[in-house]
Structures are given as structure tokens and as C-alpha cells.
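Listed below, chain by chain, are the residues.
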Amino acid sequence: MANSASGMAVSDECKLKFLELKSKRNYRFIIFKIENQTVVVEKLGNPDETYEDFTESLPADECRYAVFDFDFITEENCQKSKIFFIAWSPDTSRVRSKMVYASSKDRFKRELDGIQVELQATDPSEMSLDIDHVGECV
């Protein structure tokens, strides 16, 4: 269903695949794109893929949304996982595309219950997963 503010719809596949990433851990990452006024799944990353595989999957000159399931070990030696939402908007992408992705981001993110950290990036160097900000053992 389209949102009146942004005019953007979110495909059911987006929500289903995100739930699989969150609960079943079937994927390491999911890349989404806007196509015909609807957010759709573009790529699913296998659980054994790395963060480098993920960043290499993002187009150099087109905007995307993505989620990445980041595993880490805290200073207290606890195994943790955080789900990052990334708004990818490279400097070389078209202005109209940047505007569409920016205006639809919050609406789309609300559809994905369980996002723990949000990043906005224009190039891969801005996407470092900083575990200092993702929490300690509970």
C-alpha cells in the first residue's frame, strides 16, 4: 500500500525477507531498491557473506536501502548481533533519486521492526560498523 506522503509502497517480500533475516538469520544482508513507486528486494546476501561482500554489492552511482546483520563480541566477551539500516546515497547518484529515497526512508524503515542502528552513507568509508555504539552485554 502506498503512503500518501511519499507515494511509496513497500512490497510484502521486503517485510518477509527482513523477518527471515531477523528471526531465522537466513541472510547476512538485504539490499532494497525503489522500482515503479515500490520498495522491492534487489539482493539477498547469504549468511556466510562478509561486510566487504555487502559493500561491493551496493551500486556506485544509485541510491539503495539496505539492512546488515552484524555479529560482534563485546569487551565483556559476549556474542552479540545488531541489525543496521543503511541509507545508501552516493554523491554520483541523480538528485531526483536522492530526493525520492530520502523522502521515503522513514516510511520504509517503519515497516522493518527490529532495526537497531541507522547509518546514512555516500561512500563505503562512511559505513564503518562502529561497535562502540551498538551496546554491551545485558
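Thresholds, definitions, all that
Residues numbered from 1 in each chain as written. Predicted model: local features only at pLDDT ≥ 70, side-chain atom pairs only at ≥ 80, totals over all residues. Heavy atoms only, no water. Helix = DSSP H or I, 4+ residues; strand = E, 2+ residues; numbered from the N terminus. Contact = heavy atoms within 4.5 Å. Polar contact = N/O pair within 3.5 Å; in protein donor to acceptor, adjacent residues only side chain to side chain. Pairing = 2+ DSSP bridges. Axes fitted to C-alpha atoms, helices over the stretch in contact; angles between N-to-C directions. Expected span 1.5 Å × (residues − 1). Bend = angle between axes of the 7 residues up to and from the residue. Buried < 20%, exposed > 50% of the residue type's maximum accessible area, 1.4 Å probe, protein only. Phe/Tyr/Trp six-rings, centres within 6.5 Å; stacked < 30°, edge-to-face > 60°.

A.B. asks: Looking at this model, I keep getting lost on the environment of Y65. Mind explaining?
C.D. replies: Looking at the secondary structure, you find Y65 in strand β4 (residues 64-73). Ignoring any residue separated from it by four or fewer positions in sequence, one finds Y65 in contact with I30, I31, F32, I34, V39, F85, I86, V100, Y101, S104, K105 and F108. In this structure the side chain of Y65 is engaged in a polar contact, spanning 3.2 Å, whose partner is the backbone nitrogen of K105.

A.B. asks: Looking at this structure, how should I read the sheet that holds β4?
C.D. replies: Sheets are built from strands paired through backbone hydrogen bonds, the pairs being either parallel or antiparallel. A sheet is described by the order of its strands in space; here 6 strands give the open sequence β1-β3-β2-β4-β5-β6, paired in mixed fashion. The open sheet is flanked by β1 (9-10) and β6 (117-121), the only strands paired with a single partner. Here strand β2 (residues 29-35) pairs with strand β3 (residues 38-45) via 7 bridges, running antiparallel. Each bridged residue has a counterpart across the sheet, and for F29 the counterpart in β3 is G45. The sheet contacts of helix α1 (residues 12-24) involve β1, β2, β3, β4 and β5 (79-88), and relative to β3 the element is tilted by about 35°. With respect to the sheet, helix α3 (residues 95-111) is in contact with β1, β2, β3, β4, β5 and β6, its orientation differing from that of β4 by roughly 50°.

A.B. asks: For this particular structure, what's the right way to read α3?
C.D. replies: Each α-helix turn comprises 3.6 residues. Residues three or four places apart therefore point the same way. In this model α3 runs 25 Å from its N-terminal to its C-terminal C-alpha over 17 residues, within 8% of the 24 Å that 1.5 Å per residue would give. Where α3 bends most, the angle comes to about 45°, and this point is K105. If you check which residues of α3 are buried, you get S97, V100, Y101, S104, K105, R107 and F108.

A.B. asks: Help me out: how do you make sense of the packing of aromatic side chains in this one?
C.D. replies: How two aromatic rings sit relative to each other is given by the distance of their centres and the angle of their planes. As enumerated under the stated definition, the model contains 11 aromatic pairs in all. Taken together, a centroid distance of 4.9 Å and an interplanar angle of 70° make the contact between F32 and F108 edge-to-face. With F32 in strand β2 and F108 in helix α3, the pair connects residues that are 76 residues apart, well separated along the chain. The class for F32 is buried, based on a relative accessible area of 0%. For the pair Y65 and Y101, a centre-to-centre distance of 4.9 Å together with 55° between the ring planes defines the contact as tilted.

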